[in-house]
Amino acid sequence: RLRVHYAPISAQIRYFRMTQDELKQRVAMAALAHVEDGMVVGVGTGSTVNFFIDALAGIKGRIDGAVSSSEASTARLKAHGIPVFDLNAAGPLPLYVDGADEANARLQLIKGGGAALTREKIVAGASAKFVCIADASKLVDTLGRFPLPVEVIPMARSHVARALLALGGQPVWREGVVTDNGNWILDVHGLRITDPVTLERAINDIAGVVTNGLFALRPADVLLLGAPEGVRELR
Ligand code: 5RP
């Protein structure tokens, strides 16, 4: 009689996680090709970027330092002995490397799953080249399956939520999360974002919104996607 032995579910989950991490590590290593000697590198936030920071540590003698998009990334960079500069002091940056929660083929992104979207958008905006690193599962036809994060001034939470409802989304307060800027996050579910540029502007126009996680006005310049067969590059 044929007997099929399945690994326990915990082992299967561990295997899945390991594979995702391997893809993230692979794509993070590929981003090193964009780092040039003497650069101050803009560094994003998240689990994929953590692999990039660890990879950057291996060549830290070749770079001048980094500008960070979050307290978490700053701590990891400093733990590796990589100097972290204030953006105001560093000036325009040649390169920004960051992850994404979703990306489309036009290199427009949803970001902010880690609540670091505002500083990420600032550093991306101050950088000549934005290299986005992600595992291939993040590539979608239409943005919006991942709930769109919106950073709000705390007193404006209900006002902004009503305005987001009027725009056709279902905002959910990410309770207990306070951003590095002392603000709150609303995650907007149920959006099918066919015009990311217009929606990014419309949400940013709501009083009390600090910024939203659409990176369409300033999309990535290069998208590196980690897949089991290798790293795919979109420009
Ligand atoms: C943080 C972000 C991250 O880039 C995004 O959430 C992707 O994270 P990960 O690499 O862990 O999947 O925007 O605010």
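A quick note: this is a predicted structure, and the numbers were derived from the prediction, not measured. (Residues numbered from 1 in each chain as written. Predicted model: local features only at pLDDT ≥ 70, side-chain atom pairs only at ≥ 80, totals over all residues. Heavy atoms only, no water.)

J.: Honestly, the nonpolar core in this entry has me stumped. Any pointers?
T.: Nonpolar side chains tend to gather and get buried jointly when the protein is soluble and globular. Core analysis: the largest hydrophobic core is formed by 25 residues, its most contacted members being Val35, Val41, Val43, Phe52, Leu56, Val131 and Ile133. Counting residues per element, the ones that place at least two in this core are helix H1 (9–31), strand E1 (40–43), helix H2 (47–57), strand E3 (93–98), strand E6 (127–135) and strand E12 (222–227). For this core, the leading source of residues is H2, giving six residues. Residue contacts for Leu56: discarding those within four places in its chain leaves Leu32, Val35, Val43, Ile63, Leu77 and Ile82. Ranked by size, the runner-up nonpolar core spans 19 residues in total, among them Leu143, Leu164, Leu186 and Leu214. (Core = buried A, V, L, I, M, F, W, Y, C linked by side-chain atoms within 4.5 Å. Buried < 20%, exposed > 50% of the residue type's maximum accessible area, 1.4 Å probe, protein only. Helix = DSSP H or I, 4+ residues; strand = E, 2+ residues; numbered from the N terminus. Contact = heavy atoms within 4.5 Å.)

J.: Even after reading the chapter, I still don't get a nonpolar patch on the surface, so can you show me in this structure?
T.: Taken together, the side chains of Ile153, Met155 and Val210 make up a nonpolar region of the molecular surface, amounting to roughly 310 Å² of accessible area. Take Ile153: it is sitting in the loop between strand E7 (148–152) and helix H6 (157–166). (Patch = residues over 30% accessible without salt bridge, like charges linked within 9 Å, V, L, I, M, F, W, Y side chains within 5 Å. Areas by Shrake-Rupley, 256 points an atom, 1.4 Å probe, with all protein chains shown as cover. Salt bridge = Lys/Arg side-chain N within 4 Å of Asp/Glu carboxyl O.)

J.: Any chance you could explain the pattern of salt bridges here in plain terms?
T.: Opposite charge on two side chains lets them pair, provided their charged atoms get close. One pass over the structure, following the stated rule, counts nine salt bridges. Residue Arg218 is joined to Asp221 by a salt bridge in which the shortest nitrogen-to-oxygen separation is 3.1 Å. Classification of Asp221 as partly exposed rests on a relative accessible area of 30%. Where Arg235 meets Glu233, a salt bridge forms, and the shortest distance between an N and an O atom there is 2.6 Å. Each of Asp98, Lys111 and Glu120 takes part in one network of salt bridges that share partners.

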